[in-house]
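Structural characterization, general
Okay, here's what each chain looks like letter by letter:
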Amino acid sequence: MLESECENALIDFPFHDQVQTWLSDQNVVYEKVAMLMNDHSITSETKDVKFITQFYTLYLKNNKKQ
């Protein structure tokens, strides 16, 4: 389920004129992912989490620019 939410968020990213809007729209998904990352429940080596790790990286990269 979370993998699918992250995939949808990644697909949605290019359609936002302002990154801040996307960050705001995806904040709930980010919070779920961040909790799992911080608990080390998900790592980049974990199988079948490609979109989760891509989403997490993209969110952090763009959030730092704000």
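First things first, this report covers the structure right here in the doc. (Residues numbered from 1 in each chain as written. Predicted model: local features only at pLDDT ≥ 70, side-chain atom pairs only at ≥ 80, totals over all residues. Heavy atoms only, no water.)

Let us now look at the packing of helix α1 (residues 2–12) against helix α3 (residues 27–38). At a minimum axis distance of 10 Å, the contact between α1 and α3 shows a crossing angle of 130°. One way to sum up the angle between α1 and α3 is to call them oblique. Here the hand of the crossing between α1 and α3 comes out left-handed. On α3, the residues that touch Leu-2, Glu-5 and Cys-6 of α1 are Val-29, Lys-32, Val-33 and Leu-36. Here the contact of α1 with α3 is built from residues that sort into five nonpolar, no polar and two charged. (Axes fitted to C-alpha atoms, helices over the stretch in contact; angles between N-to-C directions. Helix = DSSP H or I, 4+ residues; strand = E, 2+ residues; numbered from the N terminus. Parallel < 35°, antiparallel > 145°, perpendicular 65-115°, else oblique. Left-handed = near helix turned anticlockwise from the far one by under 90°. Contact = heavy atoms within 4.5 Å. Nonpolar A, V, L, I, M, F, W, Y, C, P; charged D, E, K, R; others polar.)

The next subject is the environment of Leu-10. Topologically, Leu-10 is positioned in helix α1. Residue Leu-10 is classed as buried on the basis of its relative accessible area, which comes to 19%. Aside from chain neighbours lying at most four places away, what touches Leu-10 is Phe-51, Gln-54, Phe-55 and Leu-58. (Buried < 20%, exposed > 50% of the residue type's maximum accessible area, 1.4 Å probe, protein only.)

For the rest of this paragraph, the subject is the nonpolar core. In terms of nonpolar packing, the biggest core is built from 18 residues, with Cys-6, Trp-22, Val-33, Ile-52 and Phe-55 touching the most fellow members. When residues of this core are traced back to their parent elements, those giving at least two are α1, α2 (19–25), α3 and α4 (50–64). (Core = buried A, V, L, I, M, F, W, Y, C linked by side-chain atoms within 4.5 Å.)

Contact geometry for α3 and α4: axes closest at 10 Å, N-to-C directions at 110°. With respect to α4, the element α3 is oriented roughly perpendicular. Crossing of α3 over α4 shows left-handed handedness. Taking contact as the criterion, the partners of Asn-27, Val-29, Tyr-30, Val-33, Ala-34, Met-37 and Asn-38 in α3 are, on α4, Ile-52, Thr-53, Phe-55, Tyr-56, Tyr-59 and Leu-60.

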